[in-house]
Amino acid sequence: MFHYIFQNRRGNYAELGIDGVYQLIADLIGAVKEEVAIFENASAAWGTAFKGLTFHDGDEIITCEMEYVTNLIGLADVRKKGVKVIVINNDESGNFPLADLEQAINSKTKLIAVTHIPSSGGGILPIKEIGNIASKHKVLYMVDACQTAGQYPIDVKEIKCDILSATGRKYMRAPRGTGFLFVKKTVQDQLSPVLLDFLAASNVSLDGYTLRQDARRFELYEKSRALTLGLGKAVEYALNIGVDRIWQRVQYLADLTRAELNGIPGVTCHDIGSEKCGIVTFSVAGIDSMLVKNKLVENGINVSFGGSQATPIYMEKHGLKGIVRASLHYYNTESEIATMCDFLKEHPFAS
Ligand SMILES: *Cc1c(COP(=O)(O)O)cnc(C)c1O
């Protein structure tokens with residue numbers, strides 16, 4: 001077994017090796033390690049779970065306006081098989097309307113699939129309340145937590161979700177090429193594994209095989225040991241700081257950024273909804289957001305560009321072609337926010 005010594009101030013993660021990474025992820029999301037599988041990215045994690053579900057002609061799936069592109073592709077595919085996909089649009093304030101969700105559920109509803117923190121829009125979906133509705137109606141509930149992991153404290157039991165996927169490369173700050181999937185113990189048998197290898201199945205003969213009794217049946221054994229340990233290290237790092245503390249600081253910095261941006265003539269902050277996340281989205285009047293992003297980056301201000309492709313339903317509804325994204329993390333400082341805002345005040349964008 002590949003072995004790695006984890007250093008930490010709590011002392012309980014030392015010498016856990018690759019197995020320890022599953023435990024760390026379980027600790028991060030309030031699961032047990034038998035409910036965790038490790039993937040090379042969140043798209044593979046989400047897709048493996050989704051493709052493992054069986055849908056019939058006439059079944060219905062409910063999703064949200066803020067859903068991520070990869071997930072929408074999966075949903076588009078099952079529509080071809082006669083599955084109806086219902087999109088719950090945000091209300092005028094940009095909040096997810098729980099009453100609309102409740103109304104959309106009927107005996108044909110097989111799945112509720114939503115993104116907790118969208119990659120654009122600045123908001124947060126009420127996944128706990130959605131989970132309460134899903135469990136009341138006994139509908140399978142799947143959450144994309146890509147922007148959540150490492151930013152916002154999450155507990156799969158509290159939000160009552162059955163399936164949850166996340167990436168390593170966003171707020172987790174793990175190496176690229178990492179992601180994970182949570183599948184609740186009691187739900188694992190409802191999903192057919194898409195691919196199986198010798199670690200996922202035993203007693204193999206041409207007559208059949210025995211399926212592994214935990215979530216690792218959904219992953220493949222061969223993957224980068226270095227990246228897996230890197231993911232573990234990143235999770236350990238976040239746990240040692242405390243995701244609660246991270247979230248407090250992210251909220252403070254993001255609120256400050258929004259307040260500053262709102263005071264700059266010509267700058268529009270596009271964030272919607274009453275609870276907001278660390279991803280601040282904005283644009284500058286009359287100037288292409290890609291140009292704004294490039295100018296900021298050239299000046300050492302690391303923002304990114306969000307095109308319409310990541311959250312197409314939301315972006316098209318709001319007529320947004322692209323926005324600048326300033327993603328705040330706990331290590332950012334007030335003076336970095338001031339630097340960005342001062343730069344925007346000067347509007348040095350004419351090329
Ligand atoms: C980035 C992102 C993904 C995809 O994650 P990968 O690891 O790149 O596959 C999925 N959903 C959301 C909300 C994201 O922001």
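The numbers attached to residues start from 1 for each chain and follow its sequence in the written order. pLDDT decides what is reported in this predicted model: residues at 70 or higher carry local features, side-chain atom pairs at 80 or more are listed and counted, and totals for whole chains, interfaces and linings draw on all residues regardless. Values shown for side chains rest on all heavy atoms present in the structure; no hydrogens or waters enter the calculation.

**Q** Quick question: what am I supposed to make of the pairing of strand E3 (residues 84–88) here?
**A** Along any regular strand, the residues point their side chains to alternate faces of the sheet. With five bridges connecting them, strand E2 (residues 60–64) and E3 associate as parallel partners. Bridging across to E3, Ile62 finds its partner in Ile86. Think of it this way: DSSP has to see at least two bridges between two strands before they count as a pair. Going along the chain from the N terminus, every DSSP run of H or I of four or more residues is numbered as a helix, and every run of E of two or more is numbered as a strand.

**Q** Sorry if this is basic, but what is going on with the sheet that holds strand E10 (residues 267–269) here?
**A** Sheet strands pair by backbone hydrogen bonding; their relative direction is either parallel or antiparallel. Ordered by their spatial adjacency, four strands build an open sheet running E10-E11-E13-E12, and the pairing between neighbours is antiparallel. With partners counted over all chains shown, the strands left at the sheet margins are E10 and strand E12 (304–307), one partner each. Sheet twist, expressed as the mean angle between neighbouring strand axes with direction ignored, is 40 degrees. In the sheet, E10 pairs with strand E11 (residues 279–284) via three bridges, with the strands oriented antiparallel. What sits directly across from Thr268, in E11, is Ser283. Sitting on the sheet, helix H7 (residues 243–262) touches E10 and E11, and the angle it makes with E11 is about 15 degrees. To get an axis, a line is fitted to the C-alpha atoms, and for a helix only the part in contact is used. The angle between two axes follows their N-to-C directions and goes from 0 to 180 degrees. A contact between two residues is defined here by any heavy atoms of the two lying within 4.5 Å.

**Q** Could you clarify how one ought to interpret the nonpolar core in this entry?
**A** Note on soluble globular proteins: their nonpolar side chains tend to be buried together. As used in this record, nonpolar core signifies buried Ala, Val, Leu, Ile, Met, Phe, Trp, Tyr and Cys residues forming a set joined through side-chain atoms within 4.5 Å. Throughout, exposure labels follow a simple rule: accessible area from a 1.4 Å probe, protein chains only, divided by the maximum for the residue type, with under 20% read as buried, over 50% as exposed, and the rest as partly exposed. One finds Leu28, Ile29, Ile112, Tyr141 and Leu164 to be the most contacted residues of the largest nonpolar core, which totals 64 residues. Ranked by the residues each element gives to this core, the list is headed by helix H1 (residues 17–29), at eight residues. Counting residues domain by domain, this core receives three or more from each of domain 1 (18–241) and domain 2 (243–346). Counting residues in hydrophobic clusters, the runner-up holds 25 residues, among them Trp46, Leu111, Val187 and Ala215. Domain limits in this description derive from either an automatic procedure or a database domain assignment.

**Q** What exactly am I supposed to notice about the environment of Pro97 here?
**A** Checked against the element boundaries, Pro97 lands in the loop between E3 and helix H4 (98–104). Distance from Pro97 to Thr186, taken between C-alpha atoms, is 29 Å for residues 89 residues apart in sequence. In this view, Pro97 contacts Ile88, Asn89, Asn90 and Asp91; residues no more than four positions away in its chain are not counted.

**Q** When you look at unusual backbone geometry in this model, what are you seeing that I'm missing?
**A** Note on backbone geometry: most residues besides glycine have negative phi, and most peptide bonds are trans. If you check the backbone angles, Lys138 has positive phi at about 55 degrees while not being a glycine. As for its placement among the helices and strands, Lys138 is situated in the loop between helix H5 (127–136) and strand E5 (140–144). On the basis of relative accessible area, Lys138 is assigned to the exposed category, the value being 76%. One non-glycine residue, Asn203, lies in the positive phi region at around 50 degrees. Residue placement: Asn203 occurs in strand E8 (residues 201–205).

**Q** Would you mind going over the domain arrangement of the protein chain with me for this structure?
**A** Interface size is often expressed as the accessible area that is lost when the parts come together. Assigned domains within the protein chain: domain 1 (18–241) and domain 2 (243–346). Taken together, the contact pairs 32 residues of domain 1 with 34 residues of domain 2. Here, a salt bridge means any side-chain nitrogen of Lys or Arg that lies within 4 Å of a carboxyl oxygen of Asp or Glu. Across the domain 1-domain 2 interface, the total number found is one salt bridge. When the shortest N-O distance is used, the salt bridge between Lys317 and Glu65 registers 2.7 Å. Polar contact criterion, stated in full: a pair of N or O atoms within 3.5 Å, where within protein one must be able to donate a hydrogen and the other to accept it, and residues adjacent in sequence count only if both atoms are side-chain atoms. Between the two partners, domain 1 and domain 2, sit 17 residue pairs in polar contact (both at pLDDT 80 or more). Of all the elements, helix H6 (residues 225–241) adds the most residues to the side of domain 1 that touches domain 2, at three residues.

**Q** Looking at this model, I keep getting lost on the site of the ligand. Mind explaining?
**A** Surveying the vicinity of the ligand reveals the residues Asn41, Ala42, Ser43, Tyr68, Thr115, Ser119, Asp144, Cys146, Gln147, Thr167, Arg169 and Lys170. Between the ligand and Ser43 there is a distance of 2.6 Å, counted from an oxygen atom to a side-chain nitrogen or oxygen. Separating an oxygen atom of the ligand from a side-chain N or O atom of Lys170 is a distance of 2.7 Å. Shrake-Rupley sampling with a 1.4 Å probe provides the accessible areas, and residues are treated as covered by the protein chains on show and by no other component. About the coverage of the ligand: the protein hides 94% of its 390 Å² of free accessible area. Three classes are used: nonpolar for Ala, Val, Leu, Ile, Met, Phe, Trp, Tyr, Cys and Pro, charged for Asp, Glu, Lys and Arg, and polar for all others, with Gly counted as polar. Tallied by class, the residues present in the shell around the ligand amount to three nonpolar, six polar and three charged. Here a residue is near a molecule or strand as soon as one of its heavy atoms is found within 4 Å of it.

**Q** What am I meant to see in the pairing of E2 here?
**A** Of all five residues in E2, five are buried; the element is thus mostly enclosed. Both faces of E2 are covered, namely the face carrying Glu60, Ile62 and Cys64 and the face carrying Ile61 and Thr63. By convention, a crossover is right-handed whenever its connection, traced from the first strand over the helix to the second and viewed with the strands pointing away, goes clockwise. At this point the chain moves from E2, through helix H3 (residues 69–79), to the parallel E3, and the crossover so formed is right-handed. Here E2 runs beside strand E4 (residues 109–115); their pairing, made up of three bridges, is parallel.

**Q** I tried to follow H7 on my own but got confused; where do I start?
**A** Every α-helical turn comprises 3.6 residues, leaving residues that sit three or four positions apart pointing alike. Expected span of a helix: the number of residues minus one, times 1.5 Å. The terminal C-alpha atoms of H7, which comprises 20 residues, lie 28 Å apart, in line with the 28 Å expected from a rise of 1.5 Å per residue. Tucked inside the fold, the buried residues of H7 contact H1, H6, E10, E11 and helix H10 (334–346).

**Q** What's the story with the confidence of the model for the protein chain in this structure? I'm lost.
**A** In low-pLDDT segments, the atomic positions of the prediction should not be examined closely. As a per-residue measure, pLDDT reflects the predictor's confidence and takes values from 0 up to 100. Overall, the predicted model of the protein chain reaches an average pLDDT of 94, with 94% of residues at or above 70. A low-confidence stretch, residues 1–5 (pLDDT under 50), is modelled with 13 contacts involving residues beyond four sequence positions or located in other chains.

**Q** What should I look at first to understand the side chain of Ser120 in this one?
**A** Within the fold, Ser120 resides in the loop between E4 and H5. Here Ser120 falls in the buried class, since its relative accessible area comes to 2%. A polar contact of 3.2 Å, which involves the side chain of Ser120, links it to the side chain of Thr311. Excluding residues that lie within four positions of it along the chain, Ser120 makes contacts with Met66, Thr281, Thr311, Tyr314, Met315 and Ile323.

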